Amino acid sequence: SYLLRYTNANKFNLFISHSGGATTDITSSSTYTLTDWHHVAFTYDQTNLKLYVDGSVAASVAKTTAIDYTPSTSYGTDNTYIGKGTFPDNAEGLIDEVALFNTALSGSDITAIYNSDTPDDLSSYSPVGWWRLGDNDSGSGTTITDQGSGSNDGTLTNGPTFSSDVPS
């Protein structure tokens with residue numbers, strides 16, 4: 001129902017499917033390099049869809065339609081994927097601290113989490129899903145433990161590796 005991705009034009013893009021078959025596709029106006037860490041988030045409160053990069057709104061659009069949560073058959077399952085490509089490459093680069101929330105965070109919440117390039121602890125925001133991507137699993141094995149309330153542990157596939165290069 002949603003894709004958060006980095007484009008060939010060096011911009012971040014958000015694509016969401018809404019009920020009734022409508023879609024929304026918004027892209028940051030600025031360009032970003034993948035040699036630096038970036039905090040990327042989006043919120044949707046059924047009034048506004050906002051894409052944030054490094055604590056600031058990078059794109060937004062007014063939208064009032066519900067997100068379509070019908071399971072996709074594109075991959076044969078309704079799983080959530082982190083770093084799985086759709087065109088057909090998988091994500092390049094490093095991904096850390098992926099979280100899902102069941103309410104829209106405020107702009108001040110996003111700014112606080114970004115914390116001027118030193119990511120804040122997410123515990124107080126009560127994520128439903130929160131995958132630390134190595135921070136809690138010692139960088140080994142095939143499972144990433146869900147630190148949120150959803151208990152949806154992730155399975156590592158295709159041999160991802162862990163890096164000590166993390167946002168500081």
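Before going into details, it helps to say that this report is about the structure given with it. What you see is a predicted model; the values in this text were computed from it and never measured.

## Brief notes about the overall build of the chain
Reasoning step 1: Of regular secondary structure, the chain possesses one helix and 10 strands.
Reasoning step 2: Considering the chain as a whole, with its 168 residues, one finds that 24% of them fall into the buried category.
Reasoning step 3: In the chain, of all internal contacts separated by at least 6 residues, the share reaching a separation of at least 24 is 41%.
Reasoning step 4: Here the chain has roughly 10200 Å² of accessible surface; of this, 46% comes from carbon and sulfur atoms.

## A closer look at the environment of Leu105
Reasoning step 1: Looking at the secondary structure, you find Leu105 in the loop between strand E7 (98-100) and helix H1 (107-114).
Reasoning step 2: A residue is classified by how much of its surface remains accessible, and Leu105, at 13% relative accessible area, is buried.
Reasoning step 3: Leu105 sits 61 residues away from Tyr44 along the chain, and the two C-alpha atoms are 8.5 Å apart.
Reasoning step 4: Ignoring anything within four residues of it in the chain, the contact list for Leu105 reads Thr43, Ile110, Ile113 and Tyr125.

## Remarks on the nonpolar core
Generally speaking, a soluble globular protein has its nonpolar side chains buried in company with each other.
Reasoning step 1: Counting residues in each nonpolar core, the largest one holds 12 residues, listed as Phe12, Leu14, Ile16, Ile26, Tyr32, Tyr44, Leu49, Leu51, Val53, Ala58, Ala59 and Ile67.
Reasoning step 2: Of all the secondary-structure elements, those providing two or more residues to this core are strand E2 (12-17), strand E5 (48-53) and strand E6 (56-62).
Reasoning step 3: Excluding its chain neighbours within four sequence positions, the residues that come into contact with Ala58 are Thr27, Ser28, Ser29, Tyr32, Leu51, Tyr52 and Val53.
Reasoning step 4: Ala41, Tyr52, Ile110 and Trp130 belong to the second-largest nonpolar core, a separate cluster that totals eight residues.

## Description of the sheet that holds E5
Reasoning step 1: Read from one edge to the other, the open sheet built from three strands follows the order E4-E5-E6, with strand pairing classed as antiparallel. Lying at the two open borders of the sheet, with one neighbouring strand each, are strand E4 (40-44) and E6. Strand-to-strand twist in this sheet, taken as the mean axis angle between neighbours without regard to direction, amounts to 15°.
Reasoning step 2: Two strands pair when backbone bridges link them, and E4 and E5 are joined in this way by five bridges, in the antiparallel orientation. In the strand pairing of E5, Ala41 is matched with Tyr52.

## Concerning the sheet that holds E2
Reasoning step 1: Spatial strand order, E1-E2-E3: three strands in an open sheet with antiparallel pairing. With one partner strand each, in any of the chains shown, strand E1 (2-6) and strand E3 (23-27) form the two edges of the open sheet. The average undirected angle you get between the axes of adjacent strands in this sheet is 10°.
Reasoning step 2: Relative to E2, E1 runs antiparallel, the two being bridged by five bridges. Bridge pairing in E2 links Leu3 to Phe15.

## Re the packing of aromatic side chains
Reasoning step 1: One pass over the full model with this rule turns up two aromatic pairs.
Reasoning step 2: Considering the side-chain rings of Phe12 and Tyr32, the 5.3 Å spacing of their centres and the 50° angle between planes classify their relative orientation as tilted. Of this pair, Phe12 sits in strand E2 while Tyr32 sits in the loop between E3 and E4, and the two are 20 residues apart along the sequence. With respect to burial, Phe12 and Tyr32 carry one shared label: buried.
Reasoning step 3: Clustering of aromatic rings is evident, with ring pairs tying together Tyr6, Phe12 and Tyr32.

## Concerning the environment of Thr143
Reasoning step 1: On the secondary structure map, Thr143 appears in strand E9 (residues 143-144).
Reasoning step 2: The spacing of Thr143 and Asp153 is 10 residues in sequence and 6.6 Å in space, taken between C-alpha atoms.

The rules behind the values
Residues numbered from 1 in each chain as written. Predicted model: local features only at pLDDT ≥ 70, side-chain atom pairs only at ≥ 80, totals over all residues. Heavy atoms only, no water. Helix = DSSP H or I, 4+ residues; strand = E, 2+ residues; numbered from the N terminus. Buried < 20%, exposed > 50% of the residue type's maximum accessible area, 1.4 Å probe, protein only. Contact = heavy atoms within 4.5 Å. Areas by Shrake-Rupley, 256 points an atom, 1.4 Å probe, with all protein chains shown as cover. Core = buried A, V, L, I, M, F, W, Y, C linked by side-chain atoms within 4.5 Å. Pairing = 2+ DSSP bridges. Axes fitted to C-alpha atoms, helices over the stretch in contact; angles between N-to-C directions. Phe/Tyr/Trp six-rings, centres within 6.5 Å; stacked < 30°, edge-to-face > 60°.

Worth remembering: the numbers are spatial, not functional.
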